[in-house]
Amino acid sequence: LTTFSIYSQKSDSTCEILSKINKLIEIEHYKPKPIDDSLSVYVFKTFLNRLDEDNRLFIAPEVKALEKLQYQIDDYLNNNNCAFLADLYSAYTKTTERYKRLLEAIKKEPFPLSSSEQVQFSRKAFPYAKDEKELQHLYKKRLLFNVLRELAELSTNKDSLTQHFDKLANESKAKVMEQYECKSES
């Protein structure tokens, strides 16, 4: 209960701050934007993009569930109601816990340093994974790619890399895994 009361206090103060900012903008801005559905959609999409810019944290059903907020944020703000923040906080907490859990599962599995997988690059974000199994597969691919890229960047001397491959690969894997785990802590 203590955790919930602490979050509630933070949420209340956050709501007060949002309300004050909203009033300040309405009064002081030379050309205030209306708080309507277009602003609501913009805030929702920007918020989701900033939380998960690579679309590799949330899965499609979770985003679909959150989309109910897409046209309602303006209504919440106009009514000085910040209940939507609890929904966003809960969804984000769930995804970060899953991220940690999947990384731990991947750490326990054998980690092959060769694969027939293909890597795709795009300027646009890829679609959200459809489920947790697909998300774990994407994490494995990305980890493998990052380990191999790290190895390739160590030296241009192929013979040296080949000769010390196992040692370097283990060091690279540990470094990349640490970076992924560090990301889950921030």
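Conventions used here
- Residues numbered from 1 in each chain as written.
- Predicted model: local features only at pLDDT ≥ 70, side-chain atom pairs only at ≥ 80, totals over all residues.
- Heavy atoms only, no water.
- Helix = DSSP H or I, 4+ residues; strand = E, 2+ residues; numbered from the N terminus.
- Rg over C-alpha atoms; globule rule 2.2 N^0.38 Å.
- Axes fitted to C-alpha atoms, helices over the stretch in contact; angles between N-to-C directions.
- Parallel < 35°, antiparallel > 145°, perpendicular 65-115°, else oblique.
- Left-handed = near helix turned anticlockwise from the far one by under 90°.
- Contact = heavy atoms within 4.5 Å.
- Nonpolar A, V, L, I, M, F, W, Y, C, P; charged D, E, K, R; others polar.

As for the overall build of the protein chain
Turning to step 1, where the next piece is worked out: Looking only at helices and strands, one finds eight helices and zero strands in the protein chain.
Turning to step 2, where the next piece is worked out: Traced from its N-terminal end to its C-terminal end, the protein chain shows the element sequence α-α-α-α-α-α-α-α.
Turning to step 3, where the next piece is worked out: Here the C-alpha radius of gyration of the protein chain, 22 Å, is well above what a compact globule of 186 residues would show, namely 16 Å.
Turning to step 4, where the next piece is worked out: Taking the principal axes of the C-alpha coordinates as reference, the protein chain spans close to 70 × 40 × 30 Å.

Notes on the packing of helix α6 (residues 132–154) against helix α8 (residues 165–185)
Angle between the axes and distance between the axes are the two parameters that describe a pair of packed helices.
Turning to step 1, where the next piece is worked out: Two numbers describe how α6 lies on α8: the axes approach to 9 Å, and their chain directions differ by 125°. Classified by the angle between their axes, α6 and α8 sit oblique to one another. Read as a crossing pair, α6 and α8 show a hand that is right-handed. In contact with Arg142, Leu143, Asn146, Val147, Glu150, Leu151 and Leu154 of α6, α8 contributes Phe165, Leu168, Ala169, Ser172, Lys173, Lys175, Val176, Met177 and Tyr180.
Turning to step 2, where the next piece is worked out: Here the contact of α6 with α8 is composed, by residue class, of ten nonpolar, two polar and four charged.

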